[in-house]
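Tertiary structure, described
What follows is the residue order along each chain.
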Amino acid sequence: MNLASKNIVVIMGGKSSEHEVSLVSARTVIENIDTDIYNIIMIGITKDGQWKLIDSLNHLEDGSWVKGHTSAYICPDTGKGELLLVREDGKTEKLVVDVVFPVLHGMNGEDGTLQGLLELARIPYVGCGVLASACSMDKFYTKIIVDSIGIRQAKFVGVRREELSDMDTVIAGIEKALPYPLFVKPSKAGSSQGVSKAENREELVAALDLAAKHDTKILVEETIVGRELECGVLGMSEPKASGVGEILAADEFYSYDAKYNNEDSRTVIDPELPEGKEEEIRRDAVAIFKALDCSGLSRVDFFLTKDTNEVVFNEINTLPGFTAISMYPMLWEAKGLNKKVLVQKLIDLAMKRYDG
């Protein structure tokens, strides 16, 4: 351990359905942290919620860290800013934490819960705060906020899990409001987990049942036929937008499997777009980022409709992936910010927000 360095804690894994993606993203982040400045402390959260010290990247790679014998705890005592390590023999070690880089996607990491713990402990951290994280994670409430600023998005109906006990009434309400085909999504799941497309009533019932396995709230949306486009946002009170990237999904839609398991899915940086549409997307991305009170980073996703070239907001991710195929770092690299510069910028923004 470099005792002259500041301590940065990188937290990864987690209890969400995006556990494995988080580990891959975290490795990219770790490899791009300046070790002349920071001593990196790696903390993995197992699928059942145990916090473990990861001794080396080799243990991250082979998965042996989940059987590690050193537990880790962030102390919520305001002002201490400590990480407590508890060894197998019961011996403890306290480390001062200068900043946390949470590389957690989905529930219990990207949804404001971890951010709340770090706020209690008064530890600076990368990414959005509690409110922005919670609202952005919940697609239903994101839509309510985006509606308030007048940006076009897919029409939608919200359903709660307990309402499915009267499935006929739920189906009737959805069919009255929206035409088939429909997309059905868990309100707070990420990486397209639990998302499916319904062409008819039978498929809608199955889609609702699937989504209910992932969340208590379900979002049912009209289908938007068009190109899938993404834009990165970086900053605080005066955030900047990256260029626009395009997703060419191998499947009918950009499902979890299409994102991470199908090599035919591709991302295109700086795709050819109709005149003015890139600037419209970049402008809308910043407006949504600000409306949701975001800070640090977010990736904002849109559709460009097939026949009318209308920009339609899809969703926002406040801790977007940092894997080799992830759009967010690639978009900023195209703007001249390589991964090392981008990671340092995000850490600097975390410290700036804390100081402010």
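Okay, so let's go over this structure. Since the structure is predicted, the reported quantities are computational estimates derived from the model, not experimental observations.

1. Looking at the sheet that holds strand 11 (residues 217-222)
If you walk across this open sheet you meet the four strands as 8-11-9-10, and the pairing is antiparallel. Either end of the sheet is taken by a strand with one partner, and the two such strands are strand 8 (156-160) and strand 10 (196-198). Taking each pair of neighbouring strands and ignoring which way they run, the sheet shows an average axis angle of 25 degrees. As paired strands, strand 8 and strand 11 are joined by five bridges and run antiparallel to one another. Paired with Gly158 across the bridge in strand 11 is Leu219. Along the sheet, helix 6 (residues 167-177) makes contact with strand 8, strand 9 (182-186) and strand 11, crossing strand 8 at roughly 170 degrees.

2. Observations regarding the packing of aromatic side chains
One pass over the structure, following the stated rule, counts five aromatic pairs. With 5.5 Å between their ring centres and 90 degrees between their planes, Phe140 and Tyr141 make a pair best called edge-to-face. Phe140 sits in the partly exposed class, given a relative accessible area of 23%. Pairing Phe140 with Phe156 gives two aromatic rings, centres 5.8 Å apart and planes at 85 degrees, and the pair type is edge-to-face.

3. Focus on empty space enclosed by the protein
Once rolled over the atoms, a probe with the size of a water molecule shows which space is left empty. Within the structure shown, the criterion is met by four cavities of 30 Å³ or more. Space inside the second largest cavity adds up to approximately 40 Å³. Contributing to the lining of the second largest cavity are Tyr125, Val126, Gly127, Met236, Ser295, Gly296, Leu346, Leu349, Ala350 and Arg353. A per-class count over the lining of the second largest cavity returns six nonpolar, three polar and one charged.

4. Thoughts on the pattern of salt bridges
Applying the stated rule across the entire model yields 17 salt bridges. A salt bridge links Arg27 to Glu61; its shortest N-O distance comes to 3.0 Å. Taken as a pair, Arg27 in helix 1 (residues 19-31) and Glu61 in helix 2 (residues 57-62) lie far apart in primary sequence, 34 residues in all. Glu280 serves as the salt-bridge partner of Lys277, at 3.2 Å between the closest nitrogen and oxygen. One end of the pair is Lys277 and the other is Glu280, both in helix 9 (residues 277-291) and three residues apart, which spans about a single turn. Overlapping salt bridges bring together Arg27, Glu31 and Glu61 as one network.

5. Side note on the side chain of Lys217
Assignment of secondary structure puts Lys217 in strand 11. Among the polar contacts listed, one links the side chain of Lys217 to the side chain of Asp138, at a separation of 2.6 Å. Discounting chain neighbours no more than four positions away, the residues touching Lys217 are Asp138, Tyr141, Val159, Arg160, Lys185, Pro186, Ser187 and Lys188.

6. Concerning the nonpolar core
One finds Val10, Met12, Phe101, Phe322, Leu346 and Ile347 to be the most contacted residues of the largest nonpolar core, which totals 29 residues. Once you skip the residues sitting within four places of it in the chain, Ile347 turns out to touch Ile8, Tyr38, Val99, Phe101 and Val126. Listed in part, the 24 residues of the second largest apolar core include Ile151, Ala241, Ala285 and Leu304.

7. Details of helix 7 (residues 201-212)
Between the first and last C-alpha of helix 7 there are 16 Å, a value that for twelve residues agrees with the 16 Å anticipated at 1.5 Å per step. Turning to helix 7, its buried residues are Leu204, Ala207, Leu208, Ala211 and Ala212. Considered in projection along helix 7, the buried side chains sweep an arc of 130 degrees and stay on one side of the axis. Buried positions along helix 7 lie against helix 6, strand 9, strand 10 and strand 11. For helix 7, the N-terminal cap is Asn200; the gap from its side-chain oxygen to the backbone nitrogen of Glu202 is 3.2 Å.

8. Overview of the sheet that holds strand 14 (residues 266-269)
Reading across the sheet, the five strands line up as 14-13-12-15-16 and stay open at both edges, with antiparallel pairing between neighbours. At either end of the open sheet lies a strand with only one pairing partner, and these are strand 14 and strand 16 (311-317). Each neighbouring strand pair of the sheet contributes to a mean axis angle of 30 degrees, computed without reference to strand direction.

9. Observations regarding the side chain of Ser242
Looking at where Ser242 falls in the secondary structure, it is placed in strand 13 (residues 240-248). Non-local contacts of Ser242, meaning those with residues more than four positions away in its chain, are made with Cys231, Gly232, Arg282, Leu331, Trp332 and Lys335.

Criteria and thresholds
Residues numbered from 1 in each chain as written. Predicted model: local features only at pLDDT ≥ 70, side-chain atom pairs only at ≥ 80, totals over all residues. Heavy atoms only, no water. Pairing = 2+ DSSP bridges. Helix = DSSP H or I, 4+ residues; strand = E, 2+ residues; numbered from the N terminus. Axes fitted to C-alpha atoms, helices over the stretch in contact; angles between N-to-C directions. Contact = heavy atoms within 4.5 Å. Phe/Tyr/Trp six-rings, centres within 6.5 Å; stacked < 30°, edge-to-face > 60°. Buried < 20%, exposed > 50% of the residue type's maximum accessible area, 1.4 Å probe, protein only. 1 Å grid on protein atoms, 1.4 Å probe; cavity = no way out; pocket = protein on both sides within 12 Å on 5 of 7 lines; lining within 4 Å. Points joined across faces, edges and corners; volume = space filled by probe spheres on them. Nonpolar A, V, L, I, M, F, W, Y, C, P; charged D, E, K, R; others polar. Salt bridge = Lys/Arg side-chain N within 4 Å of Asp/Glu carboxyl O. Polar contact = N/O pair within 3.5 Å; in protein donor to acceptor, adjacent residues only side chain to side chain. Core = buried A, V, L, I, M, F, W, Y, C linked by side-chain atoms within 4.5 Å. Expected span 1.5 Å × (residues − 1). Arc of directions from axis to C-beta.

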